[in-house]
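# Architecture at a glance
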Amino acid sequence: MSAETTSAETTKSETTKPLLSGGCQCGAIRFAITAAPLKVSICHCRMCQKASGAPFASFADIARENFSWTRGTPAAFRSSSIAMRDFCASCGTPLSFRRIDGPSIEIMTGTFDHPDRMIPTRQYGTESRLGWVVGIANLPSQTTLQNYGSEKLGGIVSHQHPDHD
Ligand SMILES: [Zn+2]
Ligand SMILES: [Zn+2]
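Just so it is clear, the model here is predicted, and its values are computed rather than measured.

## Notes on the pattern of salt bridges
Taken as a whole and judged by the stated rule, the model has three salt bridges. Residues Arg30 and Asp113 are paired through a salt bridge, measuring 2.8 Å at the closest nitrogen-oxygen approach. On the criterion of sequence distance, the pair formed by Arg30 in strand E2 (residues 30-33) and Asp113 in the loop between strand E9 (104-108) and strand E10 (122-124) is long-range, its members being 83 residues apart. With its nearest N and O atoms 2.7 Å apart, the salt bridge here joins Arg98 to Asp86.

## Here we look at the coordination of the zinc ion (ligand 2)
In this structure, Cys43 (SG), Cys45 (SG) and Cys48 (SG) serve as the protein donors to the zinc ion (ligand 2), at separations of 2.2 to 2.3 Å. The sequence pattern formed by the donor residues of the zinc ion (ligand 2) is C-x1-C-x2-C. Of the two residues, Cys43 and Cys45, both sit in the buried class.

## Notes on the sheet that holds strand E5 (residues 67-71)
Pairing within the open sheet is antiparallel, and its three strands lie in the order E1-E2-E5. Where the open sheet ends on each side, the last strands, each with one partner, are strand E1 (20-23) and E5. For this sheet, the mean angle separating the axes of adjacent strands, direction not counted, is 25 degrees. Alignment of E2 against E5, held across four bridges, turns out to be antiparallel.

Definitions and limits used
Residues numbered from 1 in each chain as written. Chains lettered and ligands numbered in written order. Predicted model: local features only at pLDDT ≥ 70, side-chain atom pairs only at ≥ 80, totals over all residues. Heavy atoms only, no water. Salt bridge = Lys/Arg side-chain N within 4 Å of Asp/Glu carboxyl O. Helix = DSSP H or I, 4+ residues; strand = E, 2+ residues; numbered from the N terminus. Donors = N, O, S within 2.8 Å, 3.2 Å for Na, K, Ca; no water. Buried < 20%, exposed > 50% of the residue type's maximum accessible area, 1.4 Å probe, protein only. Pairing = 2+ DSSP bridges. Axes fitted to C-alpha atoms, helices over the stretch in contact; angles between N-to-C directions.

Structural data, given as structure tokens:
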């Protein structure tokens, strides 16, 4: 590698702006990514159901060199002999799945400030997929405003960190 290339790479890493950011519900933990995910997927496996507290989990797989925690340090649970799952110790938000010493980290897509930009292209763990999941688009639907009404909704004080740093 030439000195010129090394210099260019140094400049790039110094000036690279986060592509996307995110964090936990309380804001104690924040992260940023500097490149697009390697892949975005859903996992229905029983461990992801339990770890997310939800019917399934969705993950954006980010190469380690393109990921950093920018505020706080998450707690972690070693969910198996090969993997850790990071979460916020203050508010409990599940944040990641990662292979121990693996080259990437899978971030739960709901924790991004713009989760709409994380569109899954695969699903895994389908042996545990709950039968009703494929039909949710057909359930009767309401927005939060329709559900609460403007007066009640207007009186609720959110303690959730805003969707930006
Ligand atoms: Zn938190
Ligand atoms: Zn899983």
